[in-house]
Amino acid sequence: MDERIIRLLLVDDHLLFREGLARLLSSEAGLAVVGQCSTSTEALQWLGRFDADVVLLDFDLGNEKGSDFLTEARRSGFKGKILMVTAGMSATECAIALKMGASGIVLKHNPSGILANAIRLVVQGEMWVDQRVIQEMADSFPRSNPQELPATLTRREDQVLRGVFEGLTNKEIAAKLG
């Protein structure tokens, strides 16, 4: 990876968490916290004036949801990465966030090194999703054998989805499927 600094915007409604996270991430080589916001509105205004490579976004922002920010940030033309950093989301909420353009989901109880690694991976174009989130998403599907999958998935889509549920990166899935 090149040696450029990855600029981070933290969006979380808990000030103490934001400040602690900012200190932890600022101690990581190649990462710089360039802004902190407590609401989606504040973060969108911030992005209108400044630039960030990655937004670390909490899902539950008190009276707001991180999904609102995802929609508006993409609508306003933000091309950077958005990494959900959350205490928890349902399998449906996770799937929706990823479909809406989140680059990954990191659970807050992970060590800061995992978050730093996830940030670096999403900047390189990878997707990073916590294994517990992947397991919850897989468990949300009814148990069935492969022949009983809905006809809406092609064989190839089924293979890709299985790779996602196995926790493989996009590159690993591509290599596996040829």
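All figures in this text were calculated on a predicted structure; none of them were measured in a lab.

With that settled, consider the nonpolar core. Of all hydrophobic cores here, the largest spans 29 residues; its most connected members are L9, V55, L57 and M84. Ranked by residue count, the leading element in this core is helix α4 (residues 91–99), at four residues. Leave out the neighbours within four places in its chain, and L57 touches V11, G66, F69, L70, I82, L83, M84 and V85. Ranked by size, the runner-up nonpolar core spans 18 residues in total, among them I6, L56, A116 and V122.

Enumeration over the complete set of coordinates arrives at 10 salt bridges. Residue D12 pairs with K108 through a salt bridge whose shortest N-O separation is 2.7 Å. Of this pair, D12 sits in the loop between β1 (6–11) and α1 (15–26) while K108 sits in the loop between β7 (104–107) and α5 (112–123), placing them 96 residues apart in sequence. By relative accessible area, D12 is classed as buried at 3%. Of the charged contacts, one joins E72 and R75 as a salt bridge, the two residues approaching to 2.6 Å between their closest N and O atoms. Note that E72 and R75 are positioned in helix α3 (residues 66–75) at a spacing of three residues, about one turn of the helix. Residue R75 is classed as exposed on the basis of its relative accessible area of 60%. One salt-bridge network, in which partners are shared between bridges, spans R4, R7, D51 and D53.

Put simply, α4 and helix α6 (residues 131–139) touch, their axes get as near as 9 Å, and they point 110° apart. The angle between α4 and α6 falls in the class roughly perpendicular. Side by side, α4 and α6 meet where A91, C94, A95 and L98 of the first sit next to V133, E136 and M137 of the second. Tallied by class, the residues present in the contact of α4 with α6 amount to six nonpolar, no polar and one charged.

Cut-offs used in this document
- Residues numbered from 1 in each chain as written.
- Predicted model: local features only at pLDDT ≥ 70, side-chain atom pairs only at ≥ 80, totals over all residues.
- Heavy atoms only, no water.
- Core = buried A, V, L, I, M, F, W, Y, C linked by side-chain atoms within 4.5 Å.
- Buried < 20%, exposed > 50% of the residue type's maximum accessible area, 1.4 Å probe, protein only.
- Helix = DSSP H or I, 4+ residues; strand = E, 2+ residues; numbered from the N terminus.
- Contact = heavy atoms within 4.5 Å.
- Salt bridge = Lys/Arg side-chain N within 4 Å of Asp/Glu carboxyl O.
- Axes fitted to C-alpha atoms, helices over the stretch in contact; angles between N-to-C directions.
- Parallel < 35°, antiparallel > 145°, perpendicular 65-115°, else oblique.
- Nonpolar A, V, L, I, M, F, W, Y, C, P; charged D, E, K, R; others polar.

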